[in-house]
Amino acid sequence: MAITASMVKELREMTGAGMMDCKKALAATDGDMDKAVEFLREKGLAGATKKAGRIAAEGIVMTKVTSDEKKAVVVEVNAETDFVAKNEKFQNYVSDVAEQALNTSAADIDAFLAEKWAKDPSLTVAEALSSQISIIGENMNIRRFTKMTGTLVPYMHDGGRLGTLVKLDTDKPEDATVLACGKNVALQITALNAQYVSQADIPADVLANEKEVQLGLVRTENEQSAKPKPENVLEKIVEGRLRKYFEEVCLLDQKYFKDDTMSIAKYVESEAKAAGASIKIDSFVRYERGEGIEKKADDFASEVASMVK
């Protein structure tokens, strides 16, 4: 029987096992889903099976940098509760995941889960994860990682709720003023959640859509106005709103959080001058724990009411 990607995905969601392990299990059982689950259970993955459907939106975002500070990674590993996220065993495991990600050649999370676990090469990363799920007792997920190389400045905030990596393009990578500038930029990104370094980085379709949205809003407001404005004036209003948009989403256009009389672009320029160096923000990545994961809304009152019926 041909094993399809959807079958592999379904089994992976049921068991929490790695993609390649799921594919092998389905191949060994001729595509029988129940037998494939048993196959994985026999490999020691049974502890993860019952927990795999539970939402894991807590956990830790962690950054890790090599000793020469030329390579760094940010990872997100999720668990179900904040209680587990504060557990030393879980924190040590996330540190091991970050170390693995720091040295991986995997290009995506599926390849990462399929590779050998450095702490125990008899297991894959996915199998080691399933083992931890059994030990810790909650559903867990290695959600994502990003590696960067160059002059890097990491920042972690609020016990692993947020993690940021900034890559600088500079001719003085070890200068204290340059690195302090990078740290302040990392703080800025963490606090104000820029989406792009500069206006040039905004995809054309995203910018075109934003222009269309703002133009539609301005025209609607104009139609409802007692004194409608001509089209050329509406275009000027849209330009003004786009400048506000750039200040929200573009790092270099944002007001510097420590001194709102200057933009980040001006701040970096002033620090470069003070250091006698060239400093440019090459790129950045910002992870927020659980972002985009739909959390279950518990209705405690309804739960109590159902228990006394």
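If you're wondering where the values come from, they're calculated on a predicted model, not measured in any experiment.

A. Region of interest: the environment of Gln132. Within the secondary structure layout, Gln132 lies in helix H7 (residues 125-136). Given a relative accessible area of 17%, Gln132 falls into the buried group. Distance from Gln132 to Tyr93, taken between C-alpha atoms, is 8.1 Å for residues 39 residues apart in sequence. Gln132 has contacts with Tyr93, Gly137 and Met140, leaving out every residue within four places of it along the chain.

B. Representation of the side chain of Arg286. Looking at the element boundaries, Arg286 is found in strand S10 (residues 279-288). What makes Arg286 buried here is its relative accessible area of 14%. A distance of 2.9 Å separates the side chain of Arg286 from the backbone oxygen of Thr190, its partner in a polar contact. Within polar-contact distance, the side chain of Arg286 engages the side chain of Glu288 at 3.5 Å. Dropping the residues within four chain positions of it, Arg286 is found in contact with Leu162, Gly163, Thr164, Ile189, Thr190, Asn193 and Glu291.

C. Fine view of the sheet that holds strand S2 (residues 71-79). A sheet is described by the order of its strands in space; here 3 strands give the open sequence S1-S2-S5, paired in antiparallel fashion. The open sheet has two edge strands with one neighbour each: strand S1 (58-65) and strand S5 (140-149). Averaged over neighbouring strand pairs, the angle between their axes works out to 10 degrees when direction is ignored. For S1 and S2, the ladder comprises 8 bridges, and the chain directions are antiparallel. Bridged to Lys64 within S2 is Val73. Each of S1, S2 and S5 touches helix H5 (residues 88-103); the most contacted strand, S2, lies at about 140 degrees to it.

Calculation rules
- Residues numbered from 1 in each chain as written.
- Predicted model: local features only at pLDDT ≥ 70, side-chain atom pairs only at ≥ 80, totals over all residues.
- Heavy atoms only, no water.
- Helix = DSSP H or I, 4+ residues; strand = E, 2+ residues; numbered from the N terminus.
- Buried < 20%, exposed > 50% of the residue type's maximum accessible area, 1.4 Å probe, protein only.
- Contact = heavy atoms within 4.5 Å.
- Polar contact = N/O pair within 3.5 Å; in protein donor to acceptor, adjacent residues only side chain to side chain.
- Pairing = 2+ DSSP bridges.
- Axes fitted to C-alpha atoms, helices over the stretch in contact; angles between N-to-C directions.

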